[in-house]
Amino acid sequence: MNFPVEAMADLPEEHKASFLQQLEHMQVRDSLRLYNALVERCFKDCVSDFRSKNLAKDEEKCVQKCCEKFMNVSARTGMRFQEFFTEMEKQAAEAAKQASKKR
């Protein structure tokens, strides 16, 4: 979701910095969650032989396909959420515009 930068224009600098730091922290946390979910899912689905420290060829291929699929689905989901929130922002702006006309 796009955060309207003008919404922060009136905030004091220390609040802006705090907000941006929290936002960055949330992004890092979400990235780590995504990575951990990816590792767990692909490991469970693909790795079955524990006799060697290396992956077998079929396991390696499975992990590669699993990672690609997971990342593609995550990217597509992110795009859909972005489209959804953009539409919501447009509707909210239109509703605010209509409300201001009625006054």
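All chains use their own residue numbering, which begins from 1 and follows the written sequence. Owing to the predicted nature of the model, reporting of local features is limited to residues with pLDDT of at least 70; listing and counting of side-chain atom pairs is limited to 80 or more, with chain, interface and lining totals taken over all residues. Side-chain metrics in this entry use all non-hydrogen atoms of the structure; hydrogen atoms and water are not considered.

What counts is decided by this rule: UniProt positions are given in the numbering used here, feature names are shortened, and annotations may be inferred rather than shown by experiment.
Naming follows an unreviewed UniProt entry, where the chain appears as Mitochondrial import inner membrane translocase subunit of Tetradesmus obliquus. The UniProt entry for the chain carries this comment under Subunit (unreviewed entry): "Heterohexamer." In its Sequence similarities (unreviewed entry) section, UniProt records this for the chain: "Belongs to the small Tim family."

**Regarding the UniProt feature "domain: Tim10-like" (unreviewed entry) in the chain**
Going by this rule: For the purposes of this entry, the term helix denotes a DSSP run of H or I that reaches at least four residues, the term strand denotes a run of E that reaches at least two, and both are numbered from the N terminus.
With numbering aligned to this structure, UniProt lists the feature "domain: Tim10-like" (unreviewed entry) at residues 22-83. Between the C-alpha atoms that bound residues 22-83 there is a distance of 24 Å. The span itself is 84% helix and 0% strand.

**Some thoughts on the packing of aromatic side chains**
Put simply, the test is: Here a pair means two rings of Phe, Tyr or Trp (six-membered ring of Trp) with centres within 6.5 Å. Their orientation is stacked below 30 degrees between planes, edge-to-face above 60, and tilted elsewhere. The classification of residues rests on relative accessible area computed with a 1.4 Å probe and restricted to protein chains. Under 20% of the type maximum is buried, over 50% is exposed, and intermediate values are partly exposed.
Counted by the stated rule, this structure contains three aromatic pairs. A ring pair is formed by Phe43 and Phe50, whose centres lie 6.0 Å apart and whose planes are at 50°; its orientation type is tilted. Residue Phe43 is classed as partly exposed on the basis of its relative accessible area of 43%. With centroids separated by 5.4 Å and ring planes inclined at 65°, the aromatic side chains of Phe84 and Phe85 adopt a geometry described as edge-to-face.

**Digging into the state of the cysteines**
Cut-off, in case you're wondering: Any cysteine sulfur atom paired with another within 2.5 Å is treated as part of a disulfide.
Under the definition given, this model contains two disulfides. Paired by a disulfide, Cys42 and Cys66 hold their sulfur atoms 2.0 Å apart. Taking the sign of the S-S torsion, -90° for the link of Cys42 and Cys66, the bridge is left-handed. Here the residue Cys42 occupies a position in helix H1 (residues 13-46), and Cys66 occupies one in helix H2 (residues 57-102), the gap between them amounting to 24 residues. No difference in accessibility class separates Cys42 from Cys66, as the two residues are buried. In this model, Cys46 is linked to Cys62 through a disulfide, with the two sulfur atoms separated by 2.1 Å. Its torsion about the S-S bond being -65°, the disulfide of Cys46 and Cys62 is classed as left-handed. With Cys46 in helix H1 and Cys62 in helix H2, this pair connects stretches of sequence that are 16 residues apart. With a relative accessible area of 27%, Cys62 lands in the partly exposed category. Disulfide partners in the chain, listed by the sequence order of the bonded cysteines, are 1-4, 2-3. Of all cysteine sulfurs, the one in Cys42 lies closest to Cys67, which takes part in no disulfide; the gap is 4.1 Å.

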